[in-house]
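Okay, here's what each chain looks like letter by letter:
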Amino acid sequence: MNRKKPEQIVKLLRKADEELAKGKAVEDFCREEQISPATYYRWQRKYGNLQVEDAKRLKALEVENAKLKRLVAEIMLANEAIQEFLEKKA
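Residues numbered from 1 in each chain as written. Predicted model: local features only at pLDDT ≥ 70, side-chain atom pairs only at ≥ 80, totals over all residues. Heavy atoms only, no water.

A. Structural detail: the environment of Leu 13. Mapped onto the secondary structure, Leu 13 falls in helix α1 (residues 6-21). Judged by relative accessible area, which is 0%, Leu 13 ranks as buried. A C-alpha to C-alpha distance of 8.0 Å links Leu 13 and Tyr 40, two positions 27 residues apart in sequence. Every residue in contact with Leu 13, bar those within four places of it in the chain, is listed here: Tyr 40, Trp 43, Gln 44, Tyr 47 and Gly 48. (Helix = DSSP H or I, 4+ residues; strand = E, 2+ residues; numbered from the N terminus. Buried < 20%, exposed > 50% of the residue type's maximum accessible area, 1.4 Å probe, protein only. Contact = heavy atoms within 4.5 Å.)

In structure tokens form, the structure reads like this:
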């Protein structure tokens, strides 16, 4: 399985727009690019109106968001452990 980067996906969607405007069917385009139509529509929904730079920024924000979520989870666990310790001590 070949994972594509967001900027590659945006370029592929632009190519798809050109091909579809010429009358090519979505299924034919997907077969040539070796992706499923479901993948094409999912990408279209997520990246359809983005430019390459926007897609890069979106990916960077998703990575940052994941890191922040992990940090919040760790802090919550630490707070919970402190609360349990204080309850046992009291």
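B. Region of the structure containing a positive patch on the surface. Together, Arg 3, Arg 42, Arg 45 and Lys 59 line one region of the surface with positive charge. You can call Lys 59 partly exposed: its relative accessible area is 40%. (Patch = residues over 30% accessible without salt bridge, like charges linked within 9 Å, V, L, I, M, F, W, Y side chains within 5 Å. Areas by Shrake-Rupley, 256 points an atom, 1.4 Å probe, with all protein chains shown as cover. Salt bridge = Lys/Arg side-chain N within 4 Å of Asp/Glu carboxyl O. Lys, Arg positive; Asp, Glu negative; His and termini not counted. Charge placed at Lys NZ, Arg CZ, Asp CG, Glu CD.)

C. Highlighting helix α2 (residues 26-33). Of the positions making up α2, those classed as buried are Val 26, Phe 29 and Cys 30. One face of α2 carries all of its buried residues, which in axial projection span an arc of 100°. Facing away from the buried side of α2 by more than 90 degrees, the exposed set consists of Arg 31 and Glu 32. Elements in contact with the buried residues of α2: α1 and α3 (37-47). (Arc of directions from axis to C-beta.)

D. Representation of the packing of α1 against helix α4 (residues 52-89). Remark: α1 packs on α4, axes separated minimally by 8 Å, with the N-to-C direction vectors making an angle of 145°. Along this stretch, α1 crosses α4, giving a crossing that reads as right-handed. Side by side, α1 and α4 meet where Pro 6, Glu 7, Val 10 and Lys 11 of the first sit next to Val 52, Ala 55, Lys 56 and Lys 59 of the second. In the contact of α1 with α4, the residues fall into 4 nonpolar, no polar and 4 charged. (Axes fitted to C-alpha atoms, helices over the stretch in contact; angles between N-to-C directions. Left-handed = near helix turned anticlockwise from the far one by under 90°. Nonpolar A, V, L, I, M, F, W, Y, C, P; charged D, E, K, R; others polar.)

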